[in-house]
Amino acid sequence: MCDISQWQVRSLNCLSEIGSGSAPLSQKGSFPIMGANGQIGSTDRSNFELGYLVGRVGSVGAIKYISSPCWASDNTLTVKPKPAVCDLAFLGHLLFFFHPEKLATINAQPLITQTNLGNLSTVVPRSTDEQHAIATILDTVDEAIRRTEALIAKLRQVKVGMLHDLLTCGLNENGELRDPIRHPEQFKNSPLGRIPKGWEINTIGSLIKELEAGASVNAWDRPAGGGDFGVLKTSCVFGGKFLPEENKTVLPRDQARVSCPVRANSIIISRMNTPLLVGESGYVKEEHPGIYLPDRLWQAVMREEKRVSVKWLSHVLNWEPVRKFIRDIATGTSGSMKNISKGVFLSIEIKIPLPDEQESIANRLGAFDAIMAKESKKSSKLHQLKQGLMHDLLTGRVRMPESILQKYQAEVAAE
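These remarks concern the structure in this document. (Residues numbered from 1 in each chain as written. Predicted model: local features only at pLDDT ≥ 70, side-chain atom pairs only at ≥ 80, totals over all residues. Heavy atoms only, no water.)

Here's the deal with the overall build of the protein chain
Piece 1. Scanning the protein chain for helices and strands turns up nine helices and 25 strands.
Piece 2. A compact globule built from 415 residues should have a C-alpha radius of gyration of about 22 Å, whereas the protein chain, at 28 Å, is more than 25% larger.
Piece 3. Its C-alpha atoms give the protein chain principal-axis dimensions of roughly 75 × 65 × 50 Å.
Piece 4. Counting the 415 residues in the protein chain, one finds 44% classified as buried.
Piece 5. Sequence separation of at least 24 residues holds for 72% of the intrachain contacts in the protein chain that already meet a minimum separation of 6.
Piece 6. Accessible surface, the protein chain: about 21500 Å² in total, of which carbon and sulfur atoms supply 53%.
Piece 7. On the protein chain, the mean spot of the 49 positive side-chain charges and the mean spot of the 44 negative ones are 3 Å from each other. (Helix = DSSP H or I, 4+ residues; strand = E, 2+ residues; numbered from the N terminus. Rg over C-alpha atoms; globule rule 2.2 N^0.38 Å. Buried < 20%, exposed > 50% of the residue type's maximum accessible area, 1.4 Å probe, protein only. Contact = heavy atoms within 4.5 Å. Areas by Shrake-Rupley, 256 points an atom, 1.4 Å probe, with all protein chains shown as cover. Lys, Arg positive; Asp, Glu negative; His and termini not counted. Charge placed at Lys NZ, Arg CZ, Asp CG, Glu CD.)

As for the sheet that holds strand β3 (residues 31–35)
Piece 1. If you walk across this open sheet you meet the three strands as β4-β3-β7, and the pairing is mixed. Here the strands that pair on one side only, and so sit at the sheet edges, are β4 (38–43) and β7 (71–72).
Piece 2. Direction of pairing for β3 relative to β7: parallel, over a ladder of two bridges. By the bridge assignment, methionine 34 is partnered in β7 with alanine 72. (Pairing = 2+ DSSP bridges.)

Some thoughts on the packing of helix α5 (residues 310–317) against helix α8 (residues 355–393)
Piece 1. At a closest axis distance of 8 Å, the pairing of α5 and α8 adopts a crossing angle of 70°. When the interaxial angle is binned, α5 and α8 end up roughly perpendicular. The handedness of the crossing between α5 and α8 is left-handed. On the side of α5, the interface is formed by Lys311, Trp312 and His315, while α8 contributes Gln358, Ile361, Ala362, Leu365, Gly366 and Asp369.
Piece 2. The residue makeup of the contact of α5 with α8, split by class, is four nonpolar, three polar and two charged. (Axes fitted to C-alpha atoms, helices over the stretch in contact; angles between N-to-C directions. Parallel < 35°, antiparallel > 145°, perpendicular 65-115°, else oblique. Left-handed = near helix turned anticlockwise from the far one by under 90°. Nonpolar A, V, L, I, M, F, W, Y, C, P; charged D, E, K, R; others polar.)

Section: the environment of glycine 198
Piece 1. Along the chain, the position of glycine 198 falls in the loop between β11 (195–196) and β12 (200–203).
Piece 2. Under the relative-accessibility criterion, glycine 198 is labelled partly exposed at 44%.
Piece 3. For the pair glycine 198 and glutamine 186, spaced 12 residues apart in the sequence, the C-alpha separation amounts to 9.1 Å.
Piece 4. Non-local contacts of glycine 198, meaning those with residues more than four positions away in its chain, are made with Lys188 and Leu354.

Considerations on the sheet that holds strand β2 (residues 16–20)
Sheet strands pair via backbone hydrogen bonds, and the direction of the pair is either parallel or antiparallel.
Piece 1. The strand order across the open sheet formed by four strands is β2-β8-β5-β6, and the pairing between neighbours is antiparallel. On the outer flanks of this sheet lie β2 and β6 (63–66), each paired with one strand and no other. Shown here is a sheet whose adjacent strand axes are inclined to one another by a mean of 25°, direction ignored.
Piece 2. Note: β2 against strand β8 (residues 76–81), five bridges, orientation antiparallel. Looking at β8, one finds that serine 20 is bridged to leucine 77.
Piece 3. Of the strands in this sheet, β2, β5 (51–55), β6 and β8 are in contact with helix α2 (residues 88–98), which crosses β5 at around 15°.

Re the layout of surface pockets
Piece 1. Taken as a whole, the largest pocket holds about 1200 Å³ of empty space.
Piece 2. In this structure, the largest pocket is lined by 34 residues; those nearest its centre are Lys159, Gly239, Gly240, Lys241 and Asp369.
Piece 3. Elements that contribute at least two residues to the lining of the largest pocket include exactly α4 (128–168), β17 (241–242), α5, α6 (320–329) and α8.
Piece 4. Broken down by class, the residue content of the lining of the largest pocket amounts to 15 nonpolar, nine polar and 10 charged.
Piece 5. Residue lining of the second largest pocket: 24 residues in total, with Gly92, His93, Phe96, Asp142 and Lys386 positioned closest to the centre.
Piece 6. For the lining of the second largest pocket, the secondary-structure elements that each account for two or more residues are β6, α2, α4 and α8.
Piece 7. In terms of residue count, α2 provides more of the lining of the second largest pocket than any other element does, six residues in total.
Piece 8. Looking at the lining of the second largest pocket residue by residue, the classes come out as 10 nonpolar, seven polar and seven charged. (1 Å grid on protein atoms, 1.4 Å probe; cavity = no way out; pocket = protein on both sides within 12 Å on 5 of 7 lines; lining within 4 Å. Points joined across faces, edges and corners; volume = space filled by probe spheres on them.)

Remarks on the environment of phenylalanine 325
Piece 1. Position of phenylalanine 325 among the secondary structure elements: in helix α6.
Piece 2. With 46 residues separating them in the primary sequence, phenylalanine 325 and glycine 279 have C-alpha atoms 9.6 Å apart.

So, the packing of aromatic side chains
Piece 1. All chains considered together, the criterion is met by three aromatic pairs.
Piece 2. Between the aromatic rings of tryptophan 298 and phenylalanine 345, the centroid separation amounts to 5.6 Å while the plane-to-plane angle is 55°, which identifies the pairing as tilted. In this pair, tryptophan 298 is assigned in strand β23 (residues 297–302) and phenylalanine 345 in helix α7 (residues 342–346), connecting sequence segments 47 residues apart.
Piece 3. Overall, the relative accessible area of 2% leaves tryptophan 298 in the buried class.
Piece 4. Its relative accessible area of 1% is what places phenylalanine 345 among the buried residues. (Phe/Tyr/Trp six-rings, centres within 6.5 Å; stacked < 30°, edge-to-face > 60°.)

Some thoughts on the pairing of β3
Piece 1. Taking burial as the measure, the five residues of β3 include four buried ones, the bulk of the element.
Piece 2. Both β3 and β4 contribute to a ladder of five bridges, which runs antiparallel. Counted as the bridge partner of isoleucine 33 is glycine 41 from β4.
Piece 3. Taking the residues between adjacent antiparallel strands as the criterion, β3 and β4 are bridged by two residues.

Okay, structure coming up:
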């Protein structure tokens, strides 16, 4: 625990100067008009230049760091540190730690008042050197998070290109991507455009023997525990992933009515959902005893004689051109809910490689997905680390070692 004699309880009013943004007089000029989420226009003068903007209305509680002259809009509150008592970077972390969105009043339009923001208080180091050291450690974690999330975003873009190439050109016998420009002789015309020789155009129904569906049962809105039966929510499938934890506990009186257990190496498809999510599907790697499908989900049963790579087919069903086609053919009179019939879904035509090539394509995409999953797991761990560090360092639960403090004091003195 911290030595409270070296820390003190301080409100944001004591640590910073808090003001309110205002509407600009002009909508033309070189200074950006800033809201809490970013630039929303430009004007000919500035009213703020270094500190933080906090969303007052609209993006309530959103926080934006400002490092150059701008015009703070009337949707924001301005927060500028008092240099003698508060480090700039430390103030930013403190604002995020406070979660100012929780201050929003319950009105027709939620808002945060300057008074409520200023009254937020916590225990902080008396020394701005210690504040600076804490902020530097948290900044380091933030930078690691930014790098990891930038890499994940780049990998997602690469995945889009990979899907297009592999699902339209495929891999040759050497495991290399076919090139329709350099080797046009390896391709042929089809109703769906040029495809590799040896591929065929056929329906999803040529690969899927049956679309199983479960039953509608009454359930508590909590995941099933040990010994309980669970029925899946439609949110259990998204972007090719299956989330078994997205289930509800079946009421005892309805347990006898459940049907269609989750099977290993299968695909679960959302046949009824919102216009954007209808047709979402996910690959199921293993069995989940005690978990069943509702009537709004299908489970695909493959034709054994076709030797279908289920993973490959899952990638096809989640490829954006196919997803868009499924969304477009979904029907329903309600603007908030759409439905796909079995017949229509099974009649969708797709490009089908031979089974061995399906497996090769699935393996290539699976290896890439493993890289993305590793980075996503790393990002989650970094976020957890950040939360733990904020709790420890911003409350004084864990003090900065004296050696680290001396290092930062020396750096400040040298500047």
